[in-house]
Amino acid sequence: MRIRNAFKISVGNYMLVFKNLLFKLLIFCATALIAGAILRLQINDFITHIKSVLEEIKNIAVSVYNGNVDSSFSSLRSSLDGFYQYLSANVGNFLGTGAIIFIGVFVYRYLGGMGDCAVMISVNDYMTSMSRPHFTVTLVEHFGKIAVYQLIDVLFTLVFDIITACVIIGVGALTLSFSVPLFVFLALSVWVCSRALRSTVISQVMANILIVGKTVKDGFSDGIVPPKGYFGKMFVGYLTVTLIYFYLLASSAIITFGVGTVLLIPFFSLLYASMREVDYFTINKKKYFIDYDNIVVPKELRENDENLLNNIDI
């Protein structure tokens, strides 16, 4: 029910996908141009080596799709060995480059994520009053709290990603030597579960800060642990959506050569925002619109309405 309602709300606000996409593209181009101007490094050798690895990964994906699971893993291992040897011989040259790239990615995630915050606020306006405020106006009007929340979110996500990477490395140390397919399965499982868990714990924090207007301290203390009975439902919901997202992302990357991912990424940003809003309204027992003809009324409010009607003489 929650996923279905969130999907309908996302479809009703589909134009936000293109507005958020345009915003992210502008931020990406600006960040990439600035980072490229700072770097001014010749990375042809790096591109040559990484292209070899990516080519092998693509071949594996095609082999798996055709039912031949084990045929290409040895080639991938050879490409990875060559790539690691190249990196080992050029560690000093890549330290500065890596630092600049890391800062560029951090800045892009910070600024680009502001668009997702504006999307969530717009979705909240739609669900409460069926209004569709202008994307840029929403971003400017709420810029202060968006900037504060987004910094917290990027840092929180960074910590989560580091922990996830450490777990995946540990899984690789245990399984990669004797079974590459098992490592891929476990690594993807860890990544999907980690993303779903992060969405679960940050969902109401985001709503508290951006929608309710609470401070960062109150937003975290009141929202990082969902109320009793909701954590499992929220985790399963985000896990389901994340699995669908990963499947469609991988499929579109292969079938459409990456073109489909251009729309998938901002659409699922909208879907995640809609799910967080649905969770917020459900947890706080509030009515919300799905569209002009459908409004969700919590059971508690329906019972109150019935009690009010019982006291009226007709």
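Our subject in this report is the structure included herewith. (Residues numbered from 1 in each chain as written. Predicted model: local features only at pLDDT ≥ 70, side-chain atom pairs only at ≥ 80, totals over all residues. Heavy atoms only, no water.)

1. Overview of the packing of aromatic side chains
Under the defined criterion, the tally for this structure stands at 14 aromatic pairs. Judged by centre distance (6.1 Å) and plane angle (75°), the rings of Phe7 and Phe267 are edge-to-face. Placement of the pair is Phe7 in helix 1 (residues 2-12) and Phe267 in helix 11 (residues 261-283), with a sequence separation of 260 residues. Judged by its relative accessible area of 44%, Phe7 falls in the partly exposed class. Its relative accessible area of 13% is what places Phe267 among the buried residues. (Phe/Tyr/Trp six-rings, centres within 6.5 Å; stacked < 30°, edge-to-face > 60°. Helix = DSSP H or I, 4+ residues; strand = E, 2+ residues; numbered from the N terminus. Buried < 20%, exposed > 50% of the residue type's maximum accessible area, 1.4 Å probe, protein only.)

2. Here we look at a nonpolar patch on the surface
A cluster of nonpolar side chains, namely Tyr14, Met15, Phe18 and Leu263, defines an oily patch on the protein surface of about 360 Å² accessible area. Mapped onto the elements of the fold, Tyr14 is located in the loop between helix 1 and helix 2 (15-39). (Patch = residues over 30% accessible without salt bridge, like charges linked within 9 Å, V, L, I, M, F, W, Y side chains within 5 Å. Areas by Shrake-Rupley, 256 points an atom, 1.4 Å probe, with all protein chains shown as cover. Salt bridge = Lys/Arg side-chain N within 4 Å of Asp/Glu carboxyl O.)

3. Focus on the packing of helix 10 (residues 231-255) against helix 11
Following both chains from N to C, one finds helix 10 and helix 11 inclined at 170°, their axes separated by 10 Å at the closest point. If you check the angle between helix 10 and helix 11, you find them roughly antiparallel. Of helix 11, the residues touching helix 10 (which contributes Met234, Gly237, Tyr238, Val241, Thr242, Ile244, Tyr245, Leu248, Leu249, Ser252 and Ala253) are Thr261, Leu264, Ile265, Phe268, Leu271, Tyr272, Met275, Arg276, Asp279 and Ile283. Considering only residue class, the contact of helix 10 with helix 11 consists of 15 nonpolar, four polar and two charged. (Axes fitted to C-alpha atoms, helices over the stretch in contact; angles between N-to-C directions. Parallel < 35°, antiparallel > 145°, perpendicular 65-115°, else oblique. Contact = heavy atoms within 4.5 Å. Nonpolar A, V, L, I, M, F, W, Y, C, P; charged D, E, K, R; others polar.)

4. Remarks on the nonpolar core
Ile9, Met127, Leu210 and Phe268 are the most contacted members of the largest nonpolar core, which totals 54 residues. The leading source of residues in this core is helix 11, at twelve residues. The contacts of Phe268, once residues within four sequence positions are left out, are Val241, Ile244, Tyr245 and Leu248. (Core = buried A, V, L, I, M, F, W, Y, C linked by side-chain atoms within 4.5 Å.)

5. Structural notes on unusual backbone geometry
In this model, Met130 sits at a positive phi of 60°, which is unusual for a non-glycine residue. Relative to the helices and strands, Met130 is located in the loop between helix 5 (91-129) and helix 6 (135-141). A positive phi is found at Lys285, a non-glycine position, where the angle reads about 55°. On the secondary structure map, Lys285 appears in the loop between helix 11 and strand 1 (288-291). In this structure Lys285 comes out as partly exposed when scored by relative accessible area, which is 31%.

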